[in-house]
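What follows is the residue order along each chain.
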Amino acid sequence: MGPFNGKVCLWISLVISSYLTTASTNPGSVSHRESYVTAEIPGSLHVTRETTNGTAKDIGNLGHEKIMSTGRRRSKRGWMWNQFFVVEEYTGKEPLHVGKLHSDVDPGDGSVRYVLEGEGAGSLFTVDENTGDVHATRRLDRETQASYSLHAAALDRATGRALEPSSAFIIRVQDVNDNAPQFASTSISASVPEQSPIGTPVLRVTALDADDPTYGKSARVVYSLLDGQPYFTIDHHTGELRTALLTLDREVKAQHKVVVRAKDMEGLMGGLTGTMTVSVTLTDVNDNTPAFPKESFTFSVSELTPVGTEIGRVHALDADVGENADVSYTLVKSDAPGYFGITTEITSQDGLITLLQPLDFEHKTRYRLLLHATNPRPDLRFYSPHWNGGTGSSVFPEQRKEFQAPGGLKADTAEVTILVNDENEPPVFSAPMYQFTVVENSSTDTIIGNVVAQDPDTQARSVRFHIDRNTDPERYFAVDPVSGVVTAAYPLDRETQAWHNISLVATEEGLQEIQTTVPVFMHVLDVNDNPPILTTTTELTVCEGMPAGQVIQTISAMDVDELSEGQRFQFSLLKDNPNFTLVNSGDNHASLRVRAGGLRQWQRAADGLGSQVLLPVTVSDGGVPPLSSTSTLTIQICLCAEAGRPSCHPEARRPSLGGAQTQAVAAGLACLLILLVLAVLWAALGRRRKAAPAAGGCPPGDVRETVVSYDDEGGGEEDTRAFDLAALQCPEAAQAERPTAVEFQARSTNTRPEEPGAFLSAMLSAADADISAPPFDSLCAYAYEGAGSLADSLSSLSCSEDEGDQRYDCLADWGPRFQHLANLYGHTMSDGP
């Protein structure tokens, strides 16, 4: 036994390297080789097994001798593994035999019991505890779990003691082609531009096979097309879908259905397949040009159509979509250039034909246009510059074929005919506007100008003229209705209004609704009819003793008339003055200067005017005829204070109070007057207060409260008649003649004091019968004391035990309302001591 003599071991064979399957040379036979290793603590031994058509044969020396790592030889132990792989998806009725456990210490008499532990032990895998045979109890799936790790042990059946240490081993599930390739989705969408070159990639698809890619060809997938030829091809190995034709045209077929098949076993017979549907959409490119639906269009238009009006619309169809379908229209030829234009409406892509110049049926009745429709952004791959726009002839469908460009692009043209309809046109003036001149102050019926208008229709009518009075409300002008001669109805004044803008209306005779208006501008020419006037102040103050030649004032003038070129104002003194002289400056101004010798006091006295000098100044305009005006300058000559400022000296003028003294005196007088008025008012107010008790009013210290309610809207602070304010101040004086509620109570003989209802009814009747009551709602307050109250009387009239302390003699002075109380209490005062 060598160095292992007397040692008991459990040998387990484990597959760790490879499993090779090859096709036999004999038809219908398959062989494979298993490479496995025997494991024990001191070393290992590699063994190869070949299986052909289910018959296993070991290659190598497994049972006779074993090569140790030390190079020594020993005899083989008596153990054996029958299986190392388990084929998945086993469908047999009996449990599948996996392998066999065997120990050298097993004498074969049943004293050794084999035990299996690990993944699936006892449920998926079982072991015969006597023989050590391992079986799979149900079908295995490699895609669910490819291997199982287990532990085997040999135990003494009697004692349960382990005869040798447990050994770990792996059971691998052998793959079979039981899974078809699967795509991530059964359908997918893709897009590719139309007219793409052959081989343009569309997308790449991938199918996954759950089988073992390292064993056989079960997971080797190839791709093919079941539907989609001849438009597309697919790479068999990568799954990339590509275009196969150059003529993929979206306008012919926008979508293609492509079915891709994935097959394992490298596409061999018996392989499993999976499919996917690819919806390929061809995106648009600008490979089509607009095309008119017909070769000619005809429109009718009135000759009275205003400029800028839309005449008609044309529309060219483009098979492309989006911005590739945009159309640009061009007017390439016309028999009347400048009369019509065409633009593109962005929203509808219509060509709008508009009128650029007025039409005249009598001049031209028909127009012909040639239109061109193209793409504004052509794709140069499909663009052809050749088109028939320069031929000038009509374009017909058969001719369009001659201009077909590569890729289907063609430039399309269409002929447009515009017919002008005759209308009853209004009169036409000889000019779009008129401008006349008239001299101001011209006499009535002066001819200003003449307007001319004619009826442009073939059957011309007579034209009549009139002025739109909304433009000439003052009726300054008149027009002859037949000849169109414009005259002045009143003399015109240029200085009032230099320009007159009126409107003349021309109508056909008998058809007032057909009319034309023309503006007429009247320029009123100036004549010299206004004299110039001075614009300088006429009151001056100068200092006495000014030197000779001193400029006192620069004098200017203005003239509302127009000054002709070179016209100047001439200034002069109406009479010669010894103190002042006037010098013309030549620019419509003059300087007032001191004469030689200067200003002296004796010179002022010699004028006989005291301190003032009146200087008449004449200004002439020099026009035709010349006009002039005279203005008087008032010059005050005064002594000069410091700094050369004029200040009238007391010697030069009559003595008088200064302005400040006058104001002070006036202020003092005003204050005295105010104080006097206040004293008078204060005395009058005091006298009135003293006289108030003697006149029957309330005595001093007698305080009463009177509540008067008015349900009336007053007239403001200035309304003194709405109600009598005296009632709020002294009710006795204001209502001396009104009967009181007490009197009415005394007259009521059926009312007892202990009946409050009767008392109130009596008071209400008294108030209603009171003719002196105000004519509006008022509040009357009455004091009523009932009988039999435990609180006794609350009246203030009996608050004093000594009636002698009360004075009732004033009740007689309070008026009729208190007469009853005066009768009740007044005699007490007279009977007293």
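Residues numbered from 1 in each chain as written. Predicted model: local features only at pLDDT ≥ 70, side-chain atom pairs only at ≥ 80, totals over all residues. Heavy atoms only, no water.

Chemist: What's the story with the overall build of the protein in this structure? I'm lost.
Modeler: Looking only at helices and strands, the protein has eight helices and 46 strands in total. Buried residues in the protein amount to 34% of all 833 residues. Taking as baseline every contact in the protein between residues at least 6 positions apart, the subset at least 24 positions apart corresponds to 64%. Accessible area of the protein: about 48,300 Å², with a carbon and sulfur share of 53%. (Helix = DSSP H or I, 4+ residues; strand = E, 2+ residues; numbered from the N terminus. Buried < 20%, exposed > 50% of the residue type's maximum accessible area, 1.4 Å probe, protein only. Contact = heavy atoms within 4.5 Å. Areas by Shrake-Rupley, 256 points an atom, 1.4 Å probe, with all protein chains shown as cover.)

Chemist: I'm lost on the side chain of Asp455 in this one. Help?
Modeler: Here Asp455 lies in the loop between strand 33 (453-454) and strand 34 (463-467). Of the side chains bearing the opposite charge, Arg461 lies closest to the buried Asp455, which forms no salt bridge; the N-O distance is 5.1 Å. Polar contacts involving the side chain of Asp455 include one to the main-chain amide nitrogen of Arg461, which spans 3.0 Å. When neighbours within four sequence positions are excluded, Asp455 is seen to be in contact with Glu425, Pro427, Ala460, Arg461, Val463 and Glu508. (Lys, Arg positive; Asp, Glu negative; His and termini not counted. Salt bridge = Lys/Arg side-chain N within 4 Å of Asp/Glu carboxyl O. Polar contact = N/O pair within 3.5 Å; in protein donor to acceptor, adjacent residues only side chain to side chain.)

Chemist: Is there a simple way to think about the packing of aromatic side chains in this case?
Modeler: The geometry of two aromatic rings is summed up by the distance between their centres and the angle between their planes. Counting across every chain of the model gives nine aromatic pairs. Ring centres of Phe125 and Tyr148 lie 5.1 Å apart, and the angle between their planes is 70 degrees; this geometry places the pair in the edge-to-face category. Of this pair, Phe125 sits in strand 10 (residues 125-127) while Tyr148 is found in strand 12 (residues 147-156), placing the two residues 23 residues apart along the sequence. By relative accessible area, which is 1% here, Phe125 ends up buried. Here the aromatic cluster, defined as three or more aromatic residues joined through ring pairs, consists of Phe429, Tyr434, Phe436 and Phe465. Over the face of the ring belonging to Tyr367 we find Lys364, whose NZ or CZ atom lies 5.3 Å from the ring centre. (Phe/Tyr/Trp six-rings, centres within 6.5 Å; stacked < 30°, edge-to-face > 60°. Lys NZ or Arg CZ within 6 Å of the ring centre and 35° of its normal.)

Chemist: Help me understand the sheet that holds strand 42 (residues 570-573) in this model?
Modeler: Paired through their backbone hydrogen bonds, the strands of a sheet run either parallel or antiparallel. On the basis of which strands lie adjacent, the open sheet formed by four strands has the order 40-46-45-42 and mixed pairing. Strand pairing shows two members of the sheet lacking a second neighbour, strand 40 (539-543) and strand 42, which therefore form its edges. Neighbour-to-neighbour, the strand axes of this sheet turn through a mean angle of 30 degrees, independent of strand direction. Two strands pair when backbone bridges link them, and strand 45 (residues 612-620) and strand 46 (residues 628-638) are joined in this way by nine bridges, in the antiparallel orientation. In the sheet register, Leu615 faces strand 46, and the bridge partner there is Leu633. (Pairing = 2+ DSSP bridges. Axes fitted to C-alpha atoms, helices over the stretch in contact; angles between N-to-C directions.)

Chemist: Would you explain the pairing of strand 21 (residues 255-263) in this entry?
Modeler: A regular strand carries its side chains on alternate faces of the sheet. Bridge analysis of strand 18 (residues 222-227) against strand 21 gives five bridges, and the strand direction is antiparallel. By the bridge assignment, Asp227 is partnered in strand 21 with Val259. Pairing of strand 21 with strand 22 (residues 273-283) involves nine bridges; the strand directions are antiparallel. When the bridges of strand 22 are listed, Arg261 appears paired with Thr275.

Chemist: Is there a simple way to explain the side chain of Thr417 in this structure?
Modeler: Tracing the backbone shows Thr417 in strand 29 (residues 412-421). Here Thr417 falls in the buried class, since its relative accessible area comes to 8%. Here Thr417 is in contact with Phe297, Thr298, Phe299, Arg366 and Tyr367, once residues within four sequence places are set aside.

Chemist: Explanation requested: the sheet that holds strand 10 in the structure shown.
Modeler: Here we have three strands laid out as an open sheet, ordered 8-11-10, and antiparallel in their pairing. In this open sheet, the two strands that pair with only one neighbour each are strand 8 (96-100) and strand 10. If you compare each strand with its neighbour and ignore which way they point, the axes differ by 25 degrees on average.

Chemist: Please clarify how the confidence of the model for the protein should be interpreted in this entry.
Modeler: Close inspection of predicted coordinates is inappropriate for parts of the model with low pLDDT. Overall, the prediction assigns the protein a mean pLDDT of 75, with 69% of residues at 70 or greater. Of all helices and strands in the protein, the one with the weakest mean pLDDT is strand 5 (residues 65-67) (31), whereas strand 27 (residues 350-355) scores best (96). Taken together, the stretch residues 694-706 has pLDDT below 50 and engages in 14 contacts with residues farther than four places along the chain or on a different chain. The model gives residues 828-833 a pLDDT under 50, and that stretch makes four contacts with residues more than four places away or in other chains. (pLDDT = per-residue confidence, 0-100.)

Chemist: For this particular structure, what's the right way to read the environment of Ser218?
Modeler: Residue position: Ser218 is located in the loop between strand 17 (207-208) and strand 18. Among the residues examined, Ser218 registers a relative accessible area of 6% and is labelled buried. Distance in space between the C-alpha atoms of Ser218 and Pro181 is 9.5 Å, their sequence separation being 37 residues. Those residues within four positions of Ser218 in sequence are excluded, and the remaining contacts are Asp175, Val176, Asn177, Asp209, Asp211, Asp264 and Met265.

Chemist: Can you walk me through helix 7 (residues 756-769) in this structure?
Modeler: Structural remark: α-helix, 3.6 residues per turn; residues separated by three or four positions point the same way. Look at helix 7: 20 Å from first C-alpha to last across 14 residues, which is about the 20 Å you get at 1.5 Å a residue. Taken together, the buried positions of helix 7 are occupied by Phe759, Ala762, Met763 and Ala766. One side of helix 7 holds all its buried residues, which, seen down the axis, span an arc of 95 degrees. Every exposed residue of helix 7 that faces more than 90 degrees away from the buried side is listed here: Leu760, Leu764 and Asp768. (Expected span 1.5 Å × (residues − 1). Arc of directions from axis to C-beta.)

Chemist: Just to check I follow, could you spell out the nonpolar core for this structure?
Modeler: Soluble globular proteins tend to bury their nonpolar side chains together. Ranked by size, the top nonpolar core spans 24 residues in total, and within it Phe292, Val314, Phe340, Ile353, Val416 and Ile418 carry the most contacts. Contributions of two or more residues to this core are made by strand 23 (296-302), strand 24 (310-315), strand 26 (340-344), strand 27, strand 28 (366-374) and strand 29. The contact partners of Phe340, leaving out residues within four places of it in the chain, are Ile311, Leu331, Ile353, Thr354, Leu355, Leu356, Leu359, Tyr367, Leu369 and Ile418. Counting 23 residues, the second-largest nonpolar core is a separate cluster that includes Cys543, Phe580, Val594 and Leu615. (Core = buried A, V, L, I, M, F, W, Y, C linked by side-chain atoms within 4.5 Å.)

Chemist: How should I be thinking about unusual backbone geometry in this particular structure?
Modeler: Peptide bonds are, in most cases, trans, and in most cases residues other than glycine have a negative phi. With an omega of 5 degrees, the peptide bond running from Gln229 to Pro230 counts as cis. Here Pro230 lies in the loop between strand 18 and strand 19 (232-234). Even without being glycine, Gln195 reaches a positive phi, approximately 60 degrees. Inspection of the secondary structure puts Gln195 in the loop between strand 15 (187-193) and strand 16 (201-204). Residue classification places Gln195 among the buried positions, given a relative accessible area of 18%. Despite not being glycine, Asp445 has its phi angle at roughly 70 degrees, a positive value. Looking at the secondary structure, you find Asp445 in the loop between strand 31 (434-439) and strand 32 (447-450). What makes Asp445 exposed here is its relative accessible area of 58%.

Chemist: What exactly am I supposed to notice about the environment of Ala590 here?
Modeler: Its location among the elements puts Ala590 in strand 44 (residues 589-594). Taking the C-alpha atoms as reference points, Ala590 and Val619, 29 residues apart in sequence, are found 9.8 Å from one another.

Chemist: I keep staring at the pattern of salt bridges and nothing clicks. Help me out?
Modeler: For side chains of opposite charge, pairing can occur when their charged atoms come near one another. Tallying each qualifying case throughout the model produces 26 salt bridges. The salt bridge partner of Glu266 is Lys217, with a shortest N-O separation of 3.4 Å. Pair noted here: Glu266 is in the loop between strand 21 and strand 22 and Lys217 is in the loop between strand 17 and strand 18, with a separation of 49 residues, a long-range link. On the accessibility criterion, Lys217 (32% relative accessible area) is partly exposed. Measuring nitrogen to oxygen at the nearest pair gives 3.0 Å for the salt bridge that ties Glu251 to Arg250. Relative accessible area serves as the criterion here: at 14%, Arg250 is assigned to the buried category. When salt bridges with common partners are traced through the structure, they connect Arg204, Asp235, Glu240 and Arg242 into a single cluster.

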